[in-house]
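Chains, contacts and geometry: an overview
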Amino acid sequence: MALNVETTTLQSSRGDSVYPSYRMSAMLVDRHAEISNQAPVAPPSPPATTSAGDPIPGLEDRSVADEALIEPVESLAATIKSELANAPPEIQSQLETWADLHGLSSASDNTIREVIATQAAVYLLLQSTLYEWHHQRDNLPALAEDTQAAFREAGNRISSPAFDWCVLDDVISLAAPSERDVVVDERTRLFESTQPSEDIGRLYEAVVPREHRQTLGQFRTPPALADLVQSWATSGGDRVLDPGIGAGALSSPLHPDWELSTEPDHVHGVDRSPLSVLMSTTALTLLDQPHAPCQADFFDLQPTDLREPVNAIVANPPFSQGSSLSRSYNQRVNAHVEDMTGIEISSQSPLYAYFIFYARTFLSAGERAAFITPWNFLSKQYGTDLKAFLRETYSIKAIVKFDKDVRQSFGNADTTTLATFVEARSETDSPGETRFIRVDEDVDEGTIREAMRDGQQGATDWGYINVEEQTELAPADNWQSLFKSGSIDTSGLPALSELCSIHTETTTGAVKFFCLTQDEVDEYGISPEHLTEVIKRPEHVDGYDFTPDDQTALQASDKPAWLLNLDEEFPIPGTVEECSAQIEAGTLSLQNNEGLYAYLQDGIPEYGLTDSGTLEEREQWYRLEDQDSPRVLFQFAGRDEFRSILNKTETNVLSSFYGLYMEEEDGGLDEIELKALLAYLNGPVGQQILQGLASPRQGDLLGINVTDLRDCPVIDPRELPDETVTELADAFDDLCTAARRDGNTDAVREDIDAVIHAELNL
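**Some remarks on the sheet that holds strand S5 (residues 291–295)**
Strand order in this open sheet of 10 strands is S5-S4-S3-S6-S7-S9-S8-S10-S12-S11, and the pairing throughout is mixed. The two strands at the open ends of the sheet, each matched to only one other strand, are S5 and strand S11 (458–459). Against the sheet, helix H15 (residues 445–454) engages strand S8 (394–402), strand S9 (417–424), strand S10 (433–439) and strand S12 (463–469), with an angle of about 150° to S10.

Here it is as structure tokens:
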């Protein structure tokens, strides 16, 4: 695709200018011509009964049985996979293109064959279902034994791209007709559901392993979230754009709140994948939702390609990270969106960010959009430009964060679910207030809609509402902190680095090799002079203090408790390659260290040490950096808590901790003062401040970088009354005891909170 580099003022689909500073290039060539020529699919009314003679389901939702569809799909997929390795060369080349389109290009050949075979089986089920729907309405004859020919003829007769050829048709043809029948025979089953989008999504999720959907961020939208998004963004009669439509969850017209009457008048569904287009076409057709399916890249589409302007946008765009996209595609999209907005955008931006930028061109002032994304952009550097764009071109009505356990959340994705509700505005419109809403407990969608409309500041039975003037929102700030309960004035507090020094800890370069369990030490007979006590991971510490008894217990467990730490004069080669070569040649001599020799002989190849870049950079590959045992171990990554752990041993730690070091002889904190500080850091106020410093990391974790921790505002126990310091120190001891006893620390935290609030006048 070629992109026109000439920039123009960003305009909506109706031509109204947004802002000169946010520009849009005219898009251009290699356009999917069928987009503008495709007639909307507006199926006729269904008969009064199903093909089985049963009444058409009413308001109740009835799902098809998962296992009844999964088993035949997996059976056919297994048959197809066995044939794919010997497929003709012309099919093999087409499969490479398909794999790249679906984020599989880096997978093994066996994985690619497995996933594509499964996708082909799902494709056959959907085409058969769609064909049968039209047959039941006398649009098509009964499905012939040669299903592939029947599908091509159907495409000609009803002008539906759902029956256009794609490479999966050739993949399906590798199986004999009798083998395909196990899937084709299930084509009437989806008729039994009033929520086909949900059932199709669940089927795809069940048969395609998560790791093969992760690259493109393909996750089924929870029905409760789809209902919330659609009922807010649309109203009866709207023409809705659903980019990245997938199985059509956001565009399906049926939902529990029937009185809202939000069924779209027409849906423009866009997706790059022919399989996704077929999913949504099948679901929307079964629900009698008029729609125009379009197989295209959203960024190849412009408002004039649509037969009619849209009134609303609902989008659950792919969660793909920039690093997971092909370099050429990432560069192309990035260049185009930069040209569109007139701003520089990080090439690390995830794909969903570009969807939000581009969607604005399809809306006029007063029209709504809702985006389902991870919450990462609220705190990441690449999110600064996106937040500025949202603030300047939309009225941001609400941003809603969902706890991972509530029904609106993607419980099957390693991310925090966020829904952003915006209304396009002109340059002269006042943006008004933005509500940051945190949903901690299950609550119905109507309650969330009320909170979005006029919810008052403060805690609720199910979460928290924070009301901010949109004009006061600073794009460079971490907006994740706006979901916290209130703000804390920390202007008079010192930085943590003024009370102690903070360091990142040892990086081994091969942690599995350097960290040993007691059993491994005993098995090889490694001498204690070559070992240092170590804590490898935060989860190896229970609670808020680490004692000699804990170290003894760690050594008695099956967890690593020893760090291989050889002296710099140890008689082995300085490079791991030379060391490995001498071991293989039998020329390395370690007199009186037979156990260590055996460990090197086994460990170097087992843990792939010759491929470690970190070890190559060291002057002596086996020599780790000398560091003292830190007084406090800071757990800088987690989901719910950042622990500050008092280290009562001489144990060392690795890079999964930051180390806090106290210089008592230079006026640093004594034992009581240190415990008072730890009470603050582990208490509610300290944790709230730390959460505000955190940024998302992989696996739904939050993390704090060492620079931000050094700047973290804290109390200075040396400036507090003695009785307050003692009270906080005692509370920290109680916290440690409670954590060890039964883990219930709520009462102690309330005590700490009361002291800190009184001291800081909160």
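More follows now that the structure is in view.
**With respect to the packing of aromatic side chains**
In the structure shown here, the tally under the stated rule is 25 aromatic pairs. Judged by centre distance (6.4 Å) and plane angle (85°), the rings of Tyr131 and Phe163 are edge-to-face. A residue pair is termed long-range when its members are at least 10 positions apart, and Tyr131 in helix H4 (residues 109–136) and Phe163 in the loop between helix H5 (147–158) and helix H6 (167–172) qualify at 32 residues. Given a relative accessible area of 3%, Tyr131 falls into the buried group. Ring centres of Phe298 and Phe355 lie 5.1 Å apart, and the angle between their planes is 25°; on these two criteria the pair is classed as stacked. Taken together, the residues span a long stretch of sequence, with Phe298 in the loop between S5 and strand S6 (312–315) and Phe355 in helix H13 (residues 351–359) at a distance of 57 residues. With relative accessibility at 2%, the residue Phe298 sits in the buried group. Connected via pairs of aromatic rings, a cluster forms that spans Phe513, Phe514, Tyr524, Tyr599, Tyr607, Trp621 and Tyr622. The ring of Trp232 carries Arg368 above its face, with NZ or CZ at 4.1 Å from the centroid.

**Describing helix H14 (residues 383–393)**
Taken across its 11 residues, H14 has eight buried, putting it largely inside the fold. Gly383, Thr384, Leu386, Lys387, Ala388, Phe389, Leu390 and Thr393 are the residues of H14 that are buried. Close packing links the buried residues of H14 with helix H12 (327–341), H13, S8 and S9.

**Thoughts on the sheet that holds strand S17 (residues 562–564)**
Read across the open sheet, the four strands follow the order S14-S17-S15-S21; overall the sheet is mixed. Looking at which strands have only one partner, the edges of the open sheet turn out to be strand S14 (515–516) and strand S21 (652–653). With two bridges joining them, strand S15 (residues 531–535) and S21 adopt parallel strand pairing. Paired with Ile535 across the strands is Val653, a residue of S21. Its contacts with the sheet put helix H18 (residues 548–556) on S15 and S17, and the angle it makes with S15 is roughly 100°.

**What to know about helix H3 (residues 89–101)**
Here H3 is 13 residues long and its end C-alpha atoms lie 19 Å apart, about the 18 Å a rise of 1.5 Å per residue gives. Where H3 terminates, the next one or two residues include Gly103, which has phi positive at roughly 70°.

**Notes on the confidence of the model for the chain**
Per-residue confidence for the chain averages 83 on the pLDDT scale, and 86% of its residues sit at or above 70. Counted against residues more than four places away or in other chains, residues 1–9, with its pLDDT under 50, gives 30 contacts. For residues 13–62, every residue scores under 50 in pLDDT, and the model assigns this stretch 141 contacts once sequence neighbours within four places are set aside.

Quick notes on the rules
- Residues numbered from 1 in each chain as written.
- Predicted model: local features only at pLDDT ≥ 70, side-chain atom pairs only at ≥ 80, totals over all residues.
- Heavy atoms only, no water.
- Pairing = 2+ DSSP bridges.
- Helix = DSSP H or I, 4+ residues; strand = E, 2+ residues; numbered from the N terminus.
- Contact = heavy atoms within 4.5 Å.
- Axes fitted to C-alpha atoms, helices over the stretch in contact; angles between N-to-C directions.
- Phe/Tyr/Trp six-rings, centres within 6.5 Å; stacked < 30°, edge-to-face > 60°.
- Buried < 20%, exposed > 50% of the residue type's maximum accessible area, 1.4 Å probe, protein only.
- Lys NZ or Arg CZ within 6 Å of the ring centre and 35° of its normal.
- Expected span 1.5 Å × (residues − 1).
- pLDDT = per-residue confidence, 0-100.

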